[in-house]
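# Working through the structure, step by step
The primary structure of each chain is shown beneath.
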Amino acid sequence: MTEQHNAPHPASRLWGGRFIGQTDALMRRFNDSIGFDLRLWDADIRGSIAYAGALARAGVITADEAAALTRGLRAVHAEFAEGRFEVKPDDEDIHTAVERRLKEIVGEVAGKLHTGRSRNDQVATDLRLFCLDAIRATQRALLDAQSALLAQAQSHIGALMPGYTHLQRAQPITFAHWCLSYFWPFARDVERLDDCAQRTAVLPLGSGALAGSPFPIDRAALAAELGFSLRGVARITQNSLDAVSDRDFVAELLFCCALIGVHLSRLAEDLIVYSTAEFGFVTFDDAYATGSSLMPQKKNPDAMELARGKAGRLIGNLTAILTMLKGLPMSYNKDLQEDKEPLFDSLDTLALALPVAAGAIRSLKVNAARMRAALDPAMLATDVAEYLVRRGVPFREAHHLAGRAVALAESKGIALSQLAMSDWQAISPRFDDDIAQVFNFARSVASRDVAGGAAPRATQEQIRQAEEWLDARRKL
Ligand code: ARG
């Protein structure tokens, strides 16, 4: 391999002491993670600053040394924050890059920072810190999408539309009720992320490579300082082997992302269908659509198609992490380095998909007249059965009789509402003149007034619940 001649000797790497032979150039590319873990810089440096303090408190380094390390780490932090940090060819990953630069700034004392620490407990700590930030950002994006849905609901409490099962017209509902049917899945996603954060906020640092630190590090104090706590109580891992090999928190977060993707894909699919010329219920704002390079008339719902399509990679990333974790021997194995790219990809995907979906929903033009025109009197067949139930007919029999009315109207080629009184009477003497009153879509929707039902009054209450939920979240 000619490339190998250019490869620096491993002695220049952190772990190079025991090595005599060179690392194969392709092996270095295969092994290095700096290309994707650079973004852990903030978490890595925060963790190291806290760790320097812990080493000093344990009497492993002096207060002056800790101060020098902290000063140096802050300088490295500033370089990253200002985009001035330069990655060098020997920087294998974010941890070695920060330590290399720290040494250039503060000198030999930098070599004391890693005392009792391994990159194994370090990367687990960094990743948890990173995930906690990402969870909060994803929750904020979800809340914004929810408030867009809520705003559309508030504007369309009375907008009647067909509700579908099996994508067949089923019963009349309102557009507000449809909007809110996606508010609650996102609410569950936000709460699921809270739950995920609880298990993420546990400190692995102090676990060393696998067996724990030989120095008396106050792990609880470290945990508190880094924000690893639940209801004010600091939380630390209880087994050093598990601490360095556990990536359940990544798998959980990827599951949360995948399910958000599934929710987004369903919302997107509904809106894509509703935006077709055949439905014409909604029109996307130009800001969230694109044209065709060939067909001048086309306006395509790309924002929603991508929101639907992204579910594929979100589910794929979850599958990737679970497959990587399956069958791994205890404790750290380099396979675990494969945790990052799927994680970053899912978070980045949602960081775009959620705000785009929120914008598309917020700017959606709703065509209430088209929705209303799509209602068909046959959608009131259930109401016909309920009319009979109110007259003492058992529901099963009422269902059957209403079905016969539907069949009769169909055979005559007329709408269910156009059956003559004699037709009704022929089916059942319990049908009376007031059957005509059943054929009123607004009345049908208003009758579904149970909590959580489609009635405008129940929807007002649902909106109140949604507002309360959002307010409570925003106060957190
Ligand atoms: N880049 C590594 C990772 O992401 C850091 C841990 C390396 N540990 C090791 N024993 N080589 O997993």
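Residues numbered from 1 in each chain as written. Predicted model: local features only at pLDDT ≥ 70, side-chain atom pairs only at ≥ 80, totals over all residues. Heavy atoms only, no water.

Definition in use: UniProt positions are given in the numbering used here, feature names are shortened, and annotations may be inferred rather than shown by experiment.
Per an unreviewed UniProt entry, the chain carries the name Argininosuccinate lyase and comes from Candidatus Thermofonsia Clade 3 bacterium. Comment text from UniProt for the chain, heading Sequence similarities (unreviewed entry), reads "Belongs to the lyase 1 family. Argininosuccinate lyase subfamily." Listed under Pathway (unreviewed entry) in UniProt, the entry text for the chain is "Amino-acid biosynthesis; L-arginine biosynthesis; L-arginine from L-ornithine and carbamoyl phosphate: step 3/3."

### Some points on the side chain of T138
Stated precisely, the cut-off is as follows: What counts as a helix is a DSSP run of H or I of at least four residues, what counts as a strand is a run of E of at least two, and both are numbered from the N terminus. Whether two residues are in contact is decided by their heavy atoms: any pair within 4.5 Å suffices.
Within the secondary structure layout, T138 lies in helix α7 (residues 119-155). When neighbours within four sequence positions are excluded, T138 is seen to be in contact with L193, I260, L347, L350 and L354.

### Concerning the environment of D37
Going by this rule: Burial classes follow relative accessibility: with a 1.4 Å probe on protein chains only, a residue under 20% of its type's maximum area counts as buried, one over 50% as exposed, and anything between as partly exposed. Polar contact is the term for a pair of N or O atoms within 3.5 Å; when the atoms are in protein, one must be able to donate a hydrogen and the other to accept it, and sequence-neighboring residues count only if both atoms are side-chain atoms.
Along the chain, D37 turns up in helix α3 (residues 34-37). Its relative accessible area of 1% is what places D37 among the buried residues. Each C-alpha atom of the pair D37 and A415 lies 64 Å from the other, and the pair is 378 residues apart in sequence. Looking at D37, its side chain comes within polar contact range of the side chain of S33, at 2.6 Å.

### Comments concerning the side chain of R13
One can find R13 in the loop between α1 (3-6) and α2 (25-31). Among the polar contacts made by the side chain of R13, one reaches the side chain of D32 at a distance of 2.8 Å.

### Describing the site of the ligand
We apply this condition: One heavy atom within 4 Å of a molecule or strand is enough for the residue carrying it to be called near that molecule or strand. Just so you know the grouping, Ala, Val, Leu, Ile, Met, Phe, Trp, Tyr, Cys and Pro go in nonpolar, Asp, Glu, Lys and Arg go in charged, and all remaining residues, Gly too, go in polar.
In the vicinity of the ligand, the residues found are S33, D37, D93, H95, R119, N120, V123, Y332, K334, Q337 and K340. One of the side-chain nitrogen or oxygen atoms of N120 is found 2.9 Å away from a nitrogen atom of the ligand. The contact in question runs from an oxygen atom of the ligand to an N or O atom on the side chain of Y332, over 2.4 Å. Of the residues forming the shell around the ligand, the biggest block, 3 residues, is contributed by α7. Split by residue class, the shell around the ligand holds 2 nonpolar, 4 polar and 5 charged.

### Considerations on the packing of helix α8 (residues 175-200) against helix α11 (residues 248-274)
Packed helices, taken two at a time, are described by their axes: the angle between them and the distance between them. Applied cut-off: All axes here are fitted lines through C-alpha atoms, helices being fitted over the stretch that makes contact, and every angle between N-to-C directions spans 0 to 180 degrees. What sets the label is the angle itself: under 35 degrees gives roughly parallel, over 145 gives roughly antiparallel, 65 to 115 gives roughly perpendicular, and the rest give oblique.
Following both chains from N to C, one finds α8 and α11 inclined at 170°, their axes separated by 9 Å at the closest point. The orientation of α8 with respect to α11, classified from their angle, is roughly antiparallel. The residue makeup of the contact of α8 with α11, split by class, is 16 nonpolar, 2 polar and 6 charged.

### Notes on the pairing of strand β1 (residues 160-165)
Rule in force here: Should DSSP find at least two bridges between two strands, the strands are regarded as paired.
Relative to strand β2 (residues 168-174), β1 runs antiparallel, the two being bridged by 6 bridges. Residue pairing across strands places M161 opposite I173, the latter belonging to β2. Hairpin connection between β1 and β2: a loop of 2 residues separates the two successive antiparallel strands, and H166 in this loop has a positive phi of roughly 55°.

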